[in-house]
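Descriptive structure summary
The lines below spell out each chain.
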Amino acid sequence: MNMLVNLKILWIFYRKLLIPGVIFSLLISIPAGINFETFSFGFLFIFPLMHYFIYELRLKNEYLFYANFGFSRISLWMITVVFSIILQPISAIL
C-alpha cells in the first residue's frame, strides 16, 4: 500500500514535468528528423531543465508537500536525472 502511495506522489510530481518535457523534446528533434534516438537525446537535457524551471524557480514551496511524504529535494533531483539518463541506452537498443 505504501509503495502505491509513493508512486502516486511521484506521478503528481512528474506529470508537471512530463508534458512540457515531451513537447520540447519533440520540438528539438524536428530539425534532426523525428525518431526515438533524437527525441531521447533532447529529453536527456530538457527533462532536468523542466525540473529546474518548474520546481526551482516557479513552484519552490511545493517541495514541502513532497518532503512530507519522504521525498527530499535531492532525491527528486536524483530520480529526474536517473530517469533521463536511463532513457538514452533504452533508445539505443530500440
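Quantities reported herein were computed from a predicted structural model and do not represent experimental measurements. (Residues numbered from 1 in each chain as written. Predicted model: local features only at pLDDT ≥ 70, side-chain atom pairs only at ≥ 80, totals over all residues. Heavy atoms only, no water.)

1. Considering the nonpolar core
Put simply, the test is: Residue types Ala, Val, Leu, Ile, Met, Phe, Trp, Tyr and Cys, when buried and joined through side-chain atoms within 4.5 Å, form a set referred to as a nonpolar core. The cut-offs for exposure are 20% and 50% of the maximum accessible area for each residue type, with area from a 1.4 Å probe on protein chains only; residues under the lower value are buried, those over the upper are exposed, and the others partly exposed. Think of it this way: any DSSP run of H or I at least four residues long counts as a helix, any run of E at least two long counts as a strand, and we number them from the N terminus. The contact rule is simple, with two residues in contact once any of their heavy atoms fall within 4.5 Å.
F13, L17, Y55, Y66 and L76 are the most contacted members of the largest nonpolar core, which totals 18 residues. Those elements giving two or more residues to this core turn out to be α1 (2-29), α2 (36-58), α3 (62-67) and α4 (73-93). Residue contributions to this core peak at seven residues, all from α2. Once residues lying within four places of it in the same chain are set aside, the contact partners of L17 are F47, M50, H51, I54, Y55 and T80.

2. Things to note about α1
For the record, the criterion: A helix's residues, less one, multiplied by 1.5 Å, set its expected span. Given a residue, its bend is the angle between the two axes fitted to the seven residues that end at it and to the seven that start from it.
Between its first and last C-alpha, α1 extends 38 Å over 28 residues, near the 40 Å set by a 1.5 Å rise per residue. Its maximal kink placed at Y14, α1 deviates by approximately 40°. Buried residues of α1: I9, L10, F13, Y14, L17, G21, S25 and S29, and no others.

3. Regarding the pattern of salt bridges
Worth spelling out the cut-off: A carboxyl oxygen of Asp or Glu within 4 Å of a side-chain nitrogen of Lys or Arg is what we treat as a salt bridge.
Evaluated as defined, the whole model comprises two salt bridges. One salt bridge connects K16 with E62, and the closest N-O pair in it is separated by 2.8 Å. A residue pair is termed long-range when its members are at least 10 positions apart, and K16 in helix α1 and E62 in helix α3 qualify at 46 residues. E56 is the partner of R73 in a salt bridge, and the nearest nitrogen-oxygen pair spans 3.6 Å. Residue R73 is found in helix α4, and its partner E56 is found in helix α2; the two are separated by 17 residues along the sequence. With relative accessibility at 40%, the residue R73 sits in the partly exposed group.

4. Some points on α2
The test is simple: Under the rule applied, a polar contact is a pair of N or O atoms within 3.5 Å (in protein, one hydrogen donor and one hydrogen acceptor; residues adjacent in sequence only if both atoms are side-chain atoms).
The sharpest bend along α2 reaches about 35° and sits at F43. At the N-terminal boundary of α2, the capping side chain belongs to N35, with an oxygen 3.2 Å from the backbone nitrogen of E37.

5. A look at a nonpolar patch on the surface
Applicable threshold: Note that patches include only residues with greater than 30% relative accessible area and no salt bridge, and the join distances are 9 Å for like charges and 5 Å for nonpolar side chains (Val, Leu, Ile, Met, Phe, Trp, Tyr). Under the convention used here, a 1.4 Å probe and the Shrake-Rupley method define accessible areas, while residue burial counts only the protein chains that appear.
A contiguous nonpolar surface patch, about 670 Å² in accessible area, is contributed by I19, I23, F24, L26, L27, I30 and I34. Turning to its location among the elements, I19 is positioned in helix α1. I19 gets classed as exposed once you look at its relative accessible area, which sits at 57%.

6. What to know about the side chain of S25
Within the secondary structure, S25 is located in helix α1. Judged by its relative accessible area of 0%, S25 is buried. Those residues in contact with S25, other than ones at most four positions away along the chain, are F39, G42, F43 and I46.

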